[in-house]
Amino acid sequence: MKLCVAQLASKKGDILENISRHIKMINSAVTQGAELIIFPELSLTGYEPKLAKALATSQDNKMLGEFQQLSDQHQITIGLGLPTKYSESICISMVIFQPNQSRLTYSKKYIHTDEEPYFVCGKNFPVLKLKGKNIAIAICYELSIPAHAEAAYNNGADVYIASVAKTETGIAKAHETLCAIAKKYNFPVLISNSVGPSEDFISAGNSAIWDKNGILQANLDAVEEGLLLFNLDD
């Protein structure tokens, strides 16, 4: 099964433009045989906490319908970043589209202190089941919480995928952490980072893949959009 992580430059607060950008990358991933594609943190809006309240919606928003159509048509599972409404608050979430199934929302359980003025902790789920494999998802800061990767392992994860928005310093630290996670739990690890302006910082790309031994298999640069694919069956 081919898994894909996308490295994307989102346009600040412009959901419709970002939908178009996502669709282009999904179609490219489909041509390369991907059966799962994961996008960076808050990819549909850009990482813009101050705008999140105005932009927040739900997994059932009609403007997301084309992603379900693409999932059904091409038999590809799609995970994209979006602020979602939770009661009177907002969560950092990933909406997941699966072929001919109901949509899922994974909301970031562990948030950074900088995010607390804008977001609340959400309820995630243990693993995403896909073609007999267990896919563990982490959203940015979660990968830094040892209990998160440990829970993924205990829940039978076959692979660990992080969706992030990180600076040059942040992505370097994430690489060290994810390499160690791969070695400790003996499963492949992938990371999807954004590129370009994100609120008050520059996202530094370097999306990457490590095998189950923690050996780097592929790495994008710090500025260009792109896709990385990994065959989980190897």
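Described below are features of the structure shown in this document. The model shown is predicted, which means the values in this text are computed figures rather than measured ones.

### Focus: helix H5 (residues 168-185)
For an α-helix, the turn length of 3.6 residues means that residues three or four places apart are oriented alike.
Line of reasoning, step 1. The end-to-end C-alpha separation of H5 is 26 Å, in line with the 26 Å expected for 18 residues at 1.5 Å each.
Line of reasoning, step 2. The complete set of buried residues in H5 reads Gly170, Ile171, Ala174, His175, Leu178, Cys179, Ile181, Ala182 and Tyr185. All buried residues of H5 fall inside an arc of 165° around its axis, so they share one side. Every exposed residue of H5 that faces more than 90 degrees away from the buried side is listed here: Thr169, Lys173, Glu176, Lys183 and Lys184.
Line of reasoning, step 3. Contact partners of the buried residues in H5: helix H4 (146-154), strand S8 (159-164), strand S9 (189-193), strand S11 (201-204), strand S12 (208-210) and strand S13 (216-219).
Line of reasoning, step 4. Looking one or two places after H5, you find Asn186, whose phi comes out positive at around 60°.

### Describing the packing of aromatic side chains
Line of reasoning, step 1. One pass over the full model with this rule turns up six aromatic pairs.
Line of reasoning, step 2. With centroids separated by 5.7 Å and ring planes inclined at 40°, the aromatic side chains of Phe67 and Phe97 adopt a geometry described as tilted. Note that Phe67 is positioned in helix H3 (residues 65-74) and Phe97 in strand S4 (residues 89-97), a separation of 30 residues in sequence.
Line of reasoning, step 3. Judged by relative accessible area, which is 0%, Phe67 ranks as buried.

### Here's the deal with the sheet that holds S12
Line of reasoning, step 1. Strand order across the open sheet formed by six strands is S6-S7-S8-S9-S12-S13, with mixed pairing between neighbours. Of all strands in the sheet, those bounded by a partner on one side alone are strand S6 (128-130) and S13. When strand polarity is set aside, the average angle formed by the axes of neighbouring strands in this sheet is 20°.
Line of reasoning, step 2. Contacting S8, S9, S12 and S13, H5 crosses the sheet at an angle of about 160° to S9.

### Considering the nonpolar core
In globular proteins that are soluble, nonpolar side chains generally tend to be buried together.
Line of reasoning, step 1. Counting 56 residues, the largest nonpolar core has Ile135, Tyr160, Ile161, Leu178 and Ile191 as the members making the most contacts within it.
Line of reasoning, step 2. If you tally residues by element for this core, the top one is H5, at seven residues.
Line of reasoning, step 3. For Ile135, the residues in contact, after removing those within four places along its chain, are Met1, Leu36, Val127, Leu128, Leu130, Val159, Ile161 and Leu232.
Line of reasoning, step 4. One finds Ile23, Met25, Ile37 and Ile76 within the second-largest nonpolar core, a separate group that totals 24 residues.

### Description of the state of the cysteines
Line of reasoning, step 1. Counting across every chain of the model gives zero disulfides.
Line of reasoning, step 2. Free cysteine: Cys140, not disulfide-bonded; nearest cysteine sulfur from Cys121 at 14 Å.
Line of reasoning, step 3. Of the residues examined, Cys140 reaches a relative accessible area of 7% and is grouped as buried.
Line of reasoning, step 4. We note that Cys179 lacks a disulfide partner, and the nearest cysteine sulfur, in Cys140, lies 18 Å from it.
Line of reasoning, step 5. Among the residues examined, Cys179 registers a relative accessible area of 18% and is labelled buried.

Definitions and cut-offs
Residues numbered from 1 in each chain as written. Predicted model: local features only at pLDDT ≥ 70, side-chain atom pairs only at ≥ 80, totals over all residues. Heavy atoms only, no water. Helix = DSSP H or I, 4+ residues; strand = E, 2+ residues; numbered from the N terminus. Expected span 1.5 Å × (residues − 1). Buried < 20%, exposed > 50% of the residue type's maximum accessible area, 1.4 Å probe, protein only. Arc of directions from axis to C-beta. Contact = heavy atoms within 4.5 Å. Phe/Tyr/Trp six-rings, centres within 6.5 Å; stacked < 30°, edge-to-face > 60°. Pairing = 2+ DSSP bridges. Axes fitted to C-alpha atoms, helices over the stretch in contact; angles between N-to-C directions. Core = buried A, V, L, I, M, F, W, Y, C linked by side-chain atoms within 4.5 Å. Disulfide = S-S within 2.5 Å.

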